[in-house]
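Structure assessment
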Amino acid sequence: MKIIIISNRLPLKIVEEKNEFKLIKSEGGLATGLGSLVTKREKHWLGWPGLHINDDNKKAEIDNQMEDLNFHPVYLTPSQIKNYYEGYSNSTIWPLCHYFYSYMGSNNSYWEAYKEVNALFCEAALKIIEPGDIVWIQDYQLMLLPAMIREKIQDVSIGYFHHIPFPSYEMFRVLPERAEILKGLLGADLVAFHTYDYMRHFVSAVYRVLGHECVLDEIQLEDRIVEVDAFPMGINYNLFHDAILRPEVQEKAKQLREGFGSNKLILSVDRLDYSKGIIQRLKGFIKFLKHNPQYHGKVSLVMIVVPSRDTVDTYAKLKTRINEFIGGINGKYSTLSWTPVYYFYRAFSFEELTAMYHLADIALVTPLRDGMNLVAKEYIAAKRDKPGVLILSEMAGAVIELSDAIIVNPNNTKEIEDGIIEALEMPVNKQLVKLKKLQEIVSTQTVEQWASDFISELKTIKDHNNDRYAKVIDNNQVEIIQNSYKNASKRLIIFDYDGTLSPFYKDPTEAYPREDLLKLLAKLSDDPKNKVIINSGRNSETLDKWFGELNIGLAAEHGVYYKENGVWHSNLQEIVWDDEVMNILKHTTKKTPYSKIEEKKTALVWHYRAVDTWLADLRVNQLIKELINPCSRLNLQIMRGNKVIEIKSSDYNKGSETLRLMSQDKYDFIMAIGDDTTDEDMFAVLPSDSVTIKVGRISDIAKYNLPAQSLVTPFLKRITGA
C-alpha cells in the first residue's frame, strides 16, 4: 500500500544541460515534511513537472528519471497552464481566498480548464491508486479532485490540505462555482486548514451552500463522515536553527554585516503579491522615519521581494509602486553614509537568506492575508540564541501560535510604526525570553510533525468510519432482518415520525404523510401479526388528523398521550405554563427570525429549523441558560432534539411508552426506527435481540443505521414485501 501525494507542482526542478534533462529535487518545506514521514508504505508524488514538453522522446527520458524517484508527471499544455493555473487558480481562487474581490477575474474558459485539469490529474492518479492506499491532495488548484477520485474508487483514504486562507461565507458566496468546489472537497475523508478560523469559514460555507451541518468537527454525508480539522504547518526547524553553524552561512553573514554596517536591520521577505501588504509596510516605515528622526542613520529596512508573475498587469503595477515608494524614501532620507531601504528584487539562496535571518534585529512580517507565513517561523528558528524581535500581522495564520511576537494590524500603518519602535526599544533580556518561547513552539510543531499528525488523523478517520458504518444496513443485514420478520408470529413495530417516516420541512405543517407512506402503513397494520405504533413528539390532534383512519397505535408528546382501540389516554394532567418560561421563549423567538413556538398540552417546543446555523447556536445556548433556573423549580426537563428545544415533564418519554407497549404482550420480533436523541430512550429499553435502527447520525445504542431518511421506506418495503 502507498501514500500518494498529489500537488499542482512536483517537488523538483528540471534543467536542460547539453541536450539532456536533469532533475533536481526540491528541499522545500512540504517536500521535507512528507519525505520525513515514518511509514512502511511506499511514498509517491504526482504533479505537474513545471514545463511544457512537446517531444515524446524527451518526455520518456524525463519519465524514466522520475520513475526512479516515485514521481509521476502530469503534463499540461500552454493553454491549460494559462486558463487553469494562471486563470482560475490564481486569478479567481487566489484573490477570493485573500479577500481581494476586486482583483478576481473569471470567465467560462477558466472554469472549464480547471475542471479539465482536475480530471486529468484524476486520470493520472487512478493509474497508480490501489485499494487501501492513502491519497493526500494539496491546495486550491485541485479542489475538485477529491470527489473525482472518490467517485472512481471507494476503498481509499483521501485527505485534502488547504494551504491558503479559506474566506468567510460572505466572500465565498460570490464564487459562481461555489457548490461544485465544496462538493469536490467533500470527496475527502479529512479536509484540513492551518487555523480554526479557516476551518470555521469552510464549515459555514458547507452549511449555507450545501445544507450539510457540522457537528463538532464532523460533516455526515449519506455514505460516510468527513472530518474537518486544523493542522498548523511548520518548518524544518533544525535546518534553519543550525544553518549559522555552517561555514558558508557564517561567511555570508560576515559579508552582509560588512555591507550593511552597524545599523539595526529590519528584515522584510516576501514573494511579489498584493496579499503580502508590502505597500502598507513601506507606508508604516515612512511614518516611523518621519516621526522618529533620532533613528535616522541607525536603522535600515532590508526588503527582499522574490519575483512572481510580474508580467501580469496587477503584479507589474505593484512592482512599479514598490519601486516608487522605495525610491521616494531613499531620495528623501538617505545620506552619503546611510541607506534607509536596501531593496533586493530577486530570490536569495538558502545560505544568503538564513544569514540574513540571523543578522536581522527585527523581522517585519505584515501580510494583509496569509494562510500561515513560514518566513516568521524561519526567522525565529534561524536566530538561535541571538536577540531578535518578530513583528507579525494579525492576519497571518502563524499568529495563532506565535502570540509572543509584536502583533499588528497590517492595514494600520500607525501600528506598524509603533511596532517598530517597541521592537527597537525592547530590552535584550526580554527579547531573549520571548524568542525562547517562540522557539519552543516552532521547534515542536515542525513540518515533519505536521505531516505525521495529518496522516495519523487520516488513518484514524478511516478506522472510525469503518467502525461506524459497520452498523449501516447492507444487503446481508437486510436479509437477516427480513428472515426474522417472516419467521415471527407476533411483531411490535415502532416508528418515530419526523425525520424517520417523513423528511424534515422548514414548516412542520408541511410534513404531513404522503399517499405512498399511508399505503405502506395500512399494509403493515393489515397484517394480523403486526402491532404498528407511531411514537412521536407531535401532539395528539395532529397525529389523529394524519393517521386516525389507520389501524395503528399512536403515542403523542413523547408518550404522555397514547391511543388504543380508538381512544386517547393521558399519563399526565395538562400543564398550565408558567409566565416566566413562556416569556423567555417569546423573547427569544422575537429576536430570532424564522423561529417559532409550539404549545402542546404537556410540552413547549421552540423550533429553529429555518434559522441561520450561527444564530441558532447562539440562541440555543442563551435559551438553555435562561431556562435552567425556572425549569428546575418547576421540575421540568429541557430536552434538545433535532432543531428543537423542548420543555416537558421528566416523568414520561419514548422509553416509558415503549415499556408500556412491551408489557401488554410477548413479541418474537421487535423493531424500532428513529432519528432523534429522543429515540435513544426507546432504543435503550428494548431487549438486546430487537432490531433498533437509527436514521441519520450513527447511534451508540441502536444496533443498525440507515444514513438517510430517504432510505427508510425502501427498507421497510423490502423486509416486509409491502
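About the thresholds
Residues numbered from 1 in each chain as written. Predicted model: local features only at pLDDT ≥ 70, side-chain atom pairs only at ≥ 80, totals over all residues. Heavy atoms only, no water. Domains from an automatic or database assignment. Contact = heavy atoms within 4.5 Å. Buried area = accessible area lost by both parts, 1.4 Å probe. Salt bridge = Lys/Arg side-chain N within 4 Å of Asp/Glu carboxyl O. Polar contact = N/O pair within 3.5 Å; in protein donor to acceptor, adjacent residues only side chain to side chain. Nonpolar A, V, L, I, M, F, W, Y, C, P; charged D, E, K, R; others polar. Pairing = 2+ DSSP bridges. Helix = DSSP H or I, 4+ residues; strand = E, 2+ residues; numbered from the N terminus. Axes fitted to C-alpha atoms, helices over the stretch in contact; angles between N-to-C directions. Core = buried A, V, L, I, M, F, W, Y, C linked by side-chain atoms within 4.5 Å. Buried < 20%, exposed > 50% of the residue type's maximum accessible area, 1.4 Å probe, protein only.

1. Quick word on the domain arrangement of the protein
- The domain architecture assigned to the protein consists of domain 1 (3-230), domain 2 (238-442), domain 3 (472-571 + 652-720) and domain 4 (579-649).
- Facing four residues of domain 1, the contacting portion of domain 3 comprises seven residues.
- Summing both partners gives a buried area of about 490 Å² for domain 1 against domain 3, and 41% of it is carried by carbon and sulfur.
- When the buried surface of domain 1 facing domain 3 is broken down by residue, Val215, Gln220 and Glu222 rank first, second and third, together holding 86% of it.
- Of the charged contacts in the structure, one is a salt bridge between Glu218 and Arg697, with a shortest N-O distance of 3.7 Å.
- Joining domain 1 to domain 3, the criterion identifies two residue pairs in polar contact (both at pLDDT 80 or more).
- Partitioning the side of domain 1 that touches domain 3 into residue classes produces one nonpolar, one polar and two charged.

2. Section: the sheet that holds strand S10 (residues 218-220)
- Pairing is mixed across the open sheet formed by nine strands, whose spatial order is S5-S4-S1-S6-S7-S8-S11-S10-S9. Edge positions in the open sheet fall to strand S5 (71-73) and strand S9 (214-215), since each of these has one partner strand only.
- Pairing geometry for strand S6 (residues 134-138) and strand S7 (residues 157-161), over five bridges, is parallel. Considered in S7, the bridge of Ile137 is made with Tyr160.

3. Notes on the environment of His241
- You can see His241 is positioned in helix H9 (residues 237-241).
- Dropping the residues within four chain positions of it, His241 is found in contact with Ala381, Arg384 and Gln439.
- Polar contacts involving the side chain of His241 include one to the main-chain carbonyl oxygen of Ala381, which spans 3.0 Å.

4. With respect to the sheet that holds strand S13 (residues 299-306)
- In spatial order, the strands read S14-S13-S12-S15-S16-S17; together these six strands make up an open sheet with parallel pairing. The open sheet has two free edges, formed respectively by strand S14 (341-344) and strand S17 (406-408), since each of these has just one partner strand. Here the strands of the sheet are splayed against their neighbours by 20° on average, with no regard to which way each runs.
- Bridge analysis of strand S15 (residues 362-365) against strand S16 (residues 389-393) gives four bridges, and the strand direction is parallel. If you follow Val365 over to S16, its bridge partner there is Leu392.
- Packed on one face of the sheet, helix H12 (residues 313-333) meets S13 and S14 and runs near 150° to S14.
- Docked against the sheet, helix H15 (residues 413-425) engages strand S12 (264-271), S13, S15, S16 and S17, running at close to 170° with respect to S17.

5. Concerning the nonpolar core
- Judged by nonpolar contacts, the single largest core of 96 residues is most densely connected at Ile6, Phe121, Ile149, Ile181 and Phe202.
- Counting the residues that make up this core, at least three belong to each of domain 1 (3-230) and domain 2 (238-442).
- Every residue in contact with Ile181, bar those within four places of it in the chain, is listed here: Tyr88, Trp111, Tyr114, Met143, Leu144, Phe172 and Leu175.
- If you look at the next biggest cluster of nonpolar residues, it comprises 40 residues, including Tyr237, Leu267, Leu359 and Ala376.

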